[in-house]
Amino acid sequence: MMNIGQAATASGVSAKMIRYYESIHLIKASARSGAGYRTYVDGDLDALRFIKRSRTLGFSLEQIRDLLSLQQNAERASADVKRIALAHVAELDARIAELTAMRDTLSRLARQCHGDASPDCPILQDLGPAATPCH
């Protein structure tokens, strides 16, 4: 058994986030010592590491909740896990497309801006009518 600080170090999840995950019931409430301190066992650390890795991959808390539930269900269908993963891939693809479009637009506008002492600035013109000089 370990306390929350030790669990945080061992899992790579901060103590604050561990308490948060407990408060939203993403993980089960920790056991308590006789003095009322939270205590954790290896299974708790496995769940915390699972959450940390899932967050690193960009899964939402609801997706992680579903994935944890599937992980803990020996009767699960791998198709359910794959469905969640592919839905997340589609979300990532959409975000990548949006970010790419923003980058391309800003790059084009920056190329059009002379970047000199002239007040004419295509970047500000594109952003709206209340343009101010670009230097």
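Here the structure is a predicted model, which is why all the values come from computation and not from measurement.

Analysis parameters
Every residue gets a number counted from 1 within its own chain, in the order that chain's sequence is written. Local features in this predicted model are restricted to residues whose pLDDT is 70 or higher, and side-chain atom pairs enter the listing and the counts only when it is 80 or higher, whereas totals over whole chains, interfaces and linings include all residues. The side-chain numbers reported here are obtained from all heavy atoms of the structure, hydrogens and water having been left aside. Helix and strand labels come from DSSP, where a helix needs a run of H or I of at least four residues and a strand needs a run of E of at least two; each type is numbered from the N terminus. Radius of gyration here uses only the C-alpha atoms, and the compact-globule reference equals 2.2 Å multiplied by the residue count raised to the power 0.38. Relative accessible area decides the class of each residue, using a 1.4 Å probe on protein chains only: under 20% of the type maximum gives buried, over 50% gives exposed, and in between gives partly exposed. Residue contacts are defined here by distance: any two heavy atoms, one from each residue, within 4.5 Å place the two residues in contact. Using a 1.4 Å probe, accessible areas were evaluated by the Shrake-Rupley method; residue-level cover was limited to the displayed protein chains. Nine residue types can take part in a nonpolar core, namely buried Ala, Val, Leu, Ile, Met, Phe, Trp, Tyr and Cys, and a core is a set of them joined through side-chain atoms within 4.5 Å. Any N or O atom pair separated by 3.5 Å or less is treated as a polar contact, with the protein-specific requirement of one donor-capable and one acceptor-capable atom, and with residues adjacent in sequence counted only for side-chain atom pairs.

Could you clarify how one ought to interpret the overall build of the chain in this entry?
Helices and strands together make up the secondary structure of the chain, namely six helices and two strands. The order of α-helices and β-strands along the chain, N terminus first, is α-α-β-β-α-α-α-α. Here the C-alpha atoms of the chain give a radius of gyration of 24 Å, more than 25% beyond the 14 Å that 2.2 N^0.38 yields for 135 residues. For the chain, the C-alpha atoms occupy an extent of roughly 70 × 40 × 20 Å along the three principal directions. Within the chain, buried positions represent 25% of all 135 residues. Of the contacts made within the chain by residues no fewer than 6 positions apart, 39% connect residues no fewer than 24 positions apart. Surface summary for the chain: the accessible area is close to 9,100 Å², and the carbon and sulfur share equals 57%.

Looking at this model, I keep getting lost on the nonpolar core. Mind explaining?
As a rule of thumb, soluble globular proteins bury nonpolar side chains together. Judged by nonpolar contacts, the single largest core of 21 residues is most densely connected at I18, Y21, L26, I27, L48 and I51. If you list the elements that add at least two residues to this core, you get α1 (4-11), α2 (15-23), α3 (42-56) and α4 (61-71). If one sorts the elements of this core by residue count, α4 sits on top with five residues. Once residues lying within four places of it in the same chain are set aside, the contact partners of I18 are I4, A7, A8, S11, V13, I27, Y40 and L48.

Can you walk me through the side chain of S11 in this structure?
In this structure, S11 sits in helix α1. By relative accessible area, S11 is classed as buried at 7%. A polar side-chain atom of S11 sits 2.8 Å from the main-chain carbonyl oxygen of A7. Not counting residues within four places of it along the chain, the set of residues in contact with S11 comprises I18, L45, L48, R49 and K52.

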